[in-house]
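# Topology and contacts: notes
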Amino acid sequence: MRVIGTAGHVDHGKSTLVLALTGIDPDRLAEEKAREMTIDLGFAWLTLPDGQAVGVVDVPGHIDFIKNMLAGIGGIDAALLVIAADEGVMPQTQEHLAILDLLEVPGGVVALTKIDMVQHDPEWLELVQVDVEDTLVGTGLEGSEIIPVSARTGQGLEALTEALVRVLADVPERRDVGRPRLAIDRVFTVSGFGTIVTGTLSDGILSVGQEVEIVPTGLTARVRGLQTHKQKIDQAVPGSRVAVNLTGVSKEQINRGDVVTMPGTVGPTILVDVHVRMVSDSPWPLEHNQLVNFFSGAAEVPARTRLLDSEAIQAGGTGWIQLRLSEPVALQRGDRFILRLPSPSRTLGGGVVVNPYPGRRWRRFRPEVVQMLQAYYSGDPVRIFQQELLRREPASLSQVANASNLNATEGLKALETLVEAGAVEILDADWQRQRDDDDDRTTVRPGLQHLVSSEGWQKIKARITNTLQKYHRQYPLRMAMPREELKSKVQSRRGHGWSLSLFNDIVARATAQNLIAETGSTVRLRDHQASLTPKQQTAVSQLLQSFERNPLSPPSVAESVAATGEDVFLWLVDSGQLIRVSGDVVFSAEGYGKMVEAILEHLQSEGSITVAQVRDLLGTSRKYALGLMEYLDSQRVTRRVGDTRVLR
Ligand code: GDP
């Protein structure tokens, strides 16, 4: 179902033309009849030559009533710009044209009315026509058909309806995304029925009996009846003009600009990120912290500007701004709006809501903020997904898909594209394993928990590197840092810490990329080596020499510590150069290897061995033999059975 809206200078014949086209007098109020001027929105409908029923929103042209025009024009498919042939283009013609352009109304036709009054002067008519063409250049209506008509004689009316068919054929059908929204442009009561609201329905179907919510008040009501073009219907479709009879709310509880929705689908907001374009002939720039009137759908509220990428936006310019609305309004991404100066009352510019719930005040002049808004503005699901990931990473696929307003399939598709482009890393260990098994295709499964942008991954790696470097510098003789300590140091400070599974996946990924090496419960930089001072080196080589001289009864732990200092001794053990078998007994790696070899040989031929046999076999003392065997038990090489040991 389609809706067209009239626009044009006051007294140029809009209402008369609508009456001539539809047979319905849109000037419905007695007051309007008296003043012969449309002071509120009038509604009518007609059937076009191709059989389609089209709603007509007739908007007032008088400057004082511009806001009423905005209320009606939000949801129209095409504009019917009315220009009287005797007067030609006038100031409000231009202002309305600028508004149609800012609202990006998808198409339009110009009706050059009252041609009966200029019939005697064909040259004048031609002049006006050329002037109109010139006026349209550079606007969304550039190149639109210009149809000369007379509401009085009926001349050109058929040609006009045919032109409307052509223009509507090029306008895409309204989307049905299952979330009906009706911006209320009128509310009144009818005795015997109660509260009636009217508006143009978008984004979904409304049905009789359905429960609805009025945003921003949050009141709920039930749809008692529906009408389109004065016909009772059970269901209203997107793009149609609808009158909704509501039960459960009174006329006083509803305001023009409120929105009828399905409960829970559209939230009210007071902070919005928008892209704005200034009208080309604005005498004033748009400034930071300026008070403006914000119009969107049927709502009008004062708002304050926060210019994000400039100090001021000049006539014809564009920019990114954050608006703080003085009252909550139901808005969604993609909604159009107009900004007007409150006094003198003038249109400054307009544009599109890019981010209806930023949730925070952005700092100005931040390239990353503008980048994020540009991504939203592009409407490209991949860019939006990337931005939402950047805002909350590390995050799961479902978190990012929800925030991006994408369903599961769309989210997965966006993720696949980003992974293939190398812009996103999936840290999940099982996904990595799966991909390694399947090397010719990047398989992405839903339910992925740990996504991070490639920039984010670089940052995490840099934090790990810095933390480990510091640790290695502080403890030059320790081989590695305990995992827990590393986790607490590198997890992001803001928000929550990392879950263990995320940290494990990060360590696994950094290990796979050869940044770090894991040894049980510790982690070190892959190429870290302990470093000794010359004095420590001398002490170490002297100590190792005495181990070599007496491999079977070497220096004790206490003697070794006395010779090198505790740190160096621990490093010798950590790095595997010394094997500490008990609190007091320590061997060189080589000596230990030989002893174990001899013991294993004996065990293999004899089946078992006692401590005394070990002492005799190695020609050492009982203390060393006992320490060694207990150590081998603890290493699960041997098992104690009474006084003997057997192989495990
Ligand atoms: P609106 O303010 O744009 O809605 O203009 P109206 O429809 O109220 O028309 C303004 C005046 O122009 C009225 O007096 C109409 O009778 C007159 N008018 C409208 N259309 C025509 C037309 O085609 N020919 C002539 N001669 N007068 C017209």
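Structure first, text after, so check above.
Attention in this report is confined to the structure presented alongside it. Owing to the predicted nature of the structure, the values given are computational and were not obtained by experimental measurement.

### Some points on the pattern of salt bridges
Under the definition given, this model contains 19 salt bridges. Among the ionic pairs, Lys 594 bridges to Glu 590, the shortest N-O distance being 3.5 Å. Taken together, the residues Lys 594 and Glu 590, both in helix H18 (residues 589–606) and four residues apart, mark about one turn of the helix. Through salt bridges with shared partners, a single network forms among Arg 181, Asp 203 and Asp 335.

### With respect to the environment of Thr 139
If you trace the backbone, Thr 139 turns up in the loop between helix H5 (122–136) and strand E6 (146–148). With relative accessibility at 19%, the residue Thr 139 sits in the buried group. Residues Thr 139 and Leu 100, 39 residues apart in the sequence, show an inter-C-alpha distance of 8.6 Å. Sequence-distant contacts of Thr 139, that is, excluding residues within four places in its chain, are made with Leu 97 and Asp 101. At a separation of 3.1 Å, a polar atom in the side chain of Thr 139 contacts the main-chain amide nitrogen of Leu 141.

### Things to note about the sheet that holds strand E28 (residues 516–519)
Pairing is antiparallel across the open sheet formed by three strands, whose spatial order is E27-E29-E28. Since the sheet does not close on itself, it has two edges, and those belong to strand E27 (481–482) and E28, each with one partner. Contacts from helix H12 (residues 454–474) reach E27, E28 and strand E29 (522–525), with the element oriented near 95° to E29.

### Let's talk about the site of the ligand
Taken together, 14 residues surround the ligand, and among them Asp 11, Lys 14, Thr 16, Asp 116 and Ala 151 come closest. A distance of 3.3 Å separates an oxygen atom of the ligand from a polar backbone atom of His 12. Relative to its free-state accessible area of 580 Å², the ligand is covered by the protein chains to the extent of 84%. Taken together, the residues that form the shell around the ligand break down as three nonpolar, six polar and five charged.

### So, unusual backbone geometry
In the segment running from Val 215 into Pro 216, the intervening peptide bond is cis, with an omega of 10°. Along the chain, Pro 216 falls in the loop between strand E11 (211–215) and strand E12 (219–228). Cis peptide bonds are those with omega within 30 degrees of zero, and the linkage from Glu 393 to Pro 394 qualifies with -10°. Mapped onto the elements, Pro 394 comes out in the loop between helix H8 (381–392) and helix H9 (397–403). Positioned with a positive phi, Glu 104 is a non-glycine residue whose angle comes to about 50°. Looking at where Glu 104 falls in the secondary structure, it is placed in the loop between helix H4 (91–102) and strand E5 (108–113).

Reading guide: rules and limits
Once a new chain begins, its residue numbering starts again from 1 and follows that chain's sequence as written. It should be noted that, the model being predicted, local features are given only for residues of pLDDT at least 70 and side-chain atom pairs only at 80 or more, the latter also being counted only at that level, while totals for whole chains, interfaces and linings use all residues. Hydrogens are left out, water is left out, and the side-chain values use all remaining heavy atoms of the structure. One side-chain nitrogen of Lys or Arg within 4 Å of one carboxyl oxygen of Asp or Glu is enough to make a salt bridge. A run of H or I in DSSP counts as a helix once it spans at least four residues, and a run of E counts as a strand once it spans at least two, with each numbered from the N terminus. For the exposure calls, accessible area comes from a 1.4 Å probe over protein chains only, and a residue counts as buried if that area is under 20% of its type's maximum, exposed if over 50%, partly exposed in between. Should any heavy atoms of two residues lie within 4.5 Å, those residues are considered in contact. Here a polar contact is recorded for every N or O atom pair within 3.5 Å, except that within protein the pair must consist of a potential hydrogen donor and a potential acceptor, and residues adjacent in sequence are included only if both atoms are side-chain atoms. A strand pair is defined by DSSP finding two or more bridges across the two strands. Lines fitted to the C-alpha atoms define the axes, with helices restricted to the stretch that makes contact. Angles between their N-to-C directions range from 0 to 180 degrees. It suffices for a single heavy atom of a residue to lie within 4 Å of a molecule or strand for the residue to be listed as near it. Throughout, the Shrake-Rupley method with a 1.4 Å probe supplies accessible areas, and for residues the shown protein chains are the sole cover considered. Basically, the charged four are Asp, Glu, Lys and Arg, the nonpolar ten are Ala, Val, Leu, Ile, Met, Phe, Trp, Tyr, Cys and Pro, and anything else, Gly included, counts as polar.

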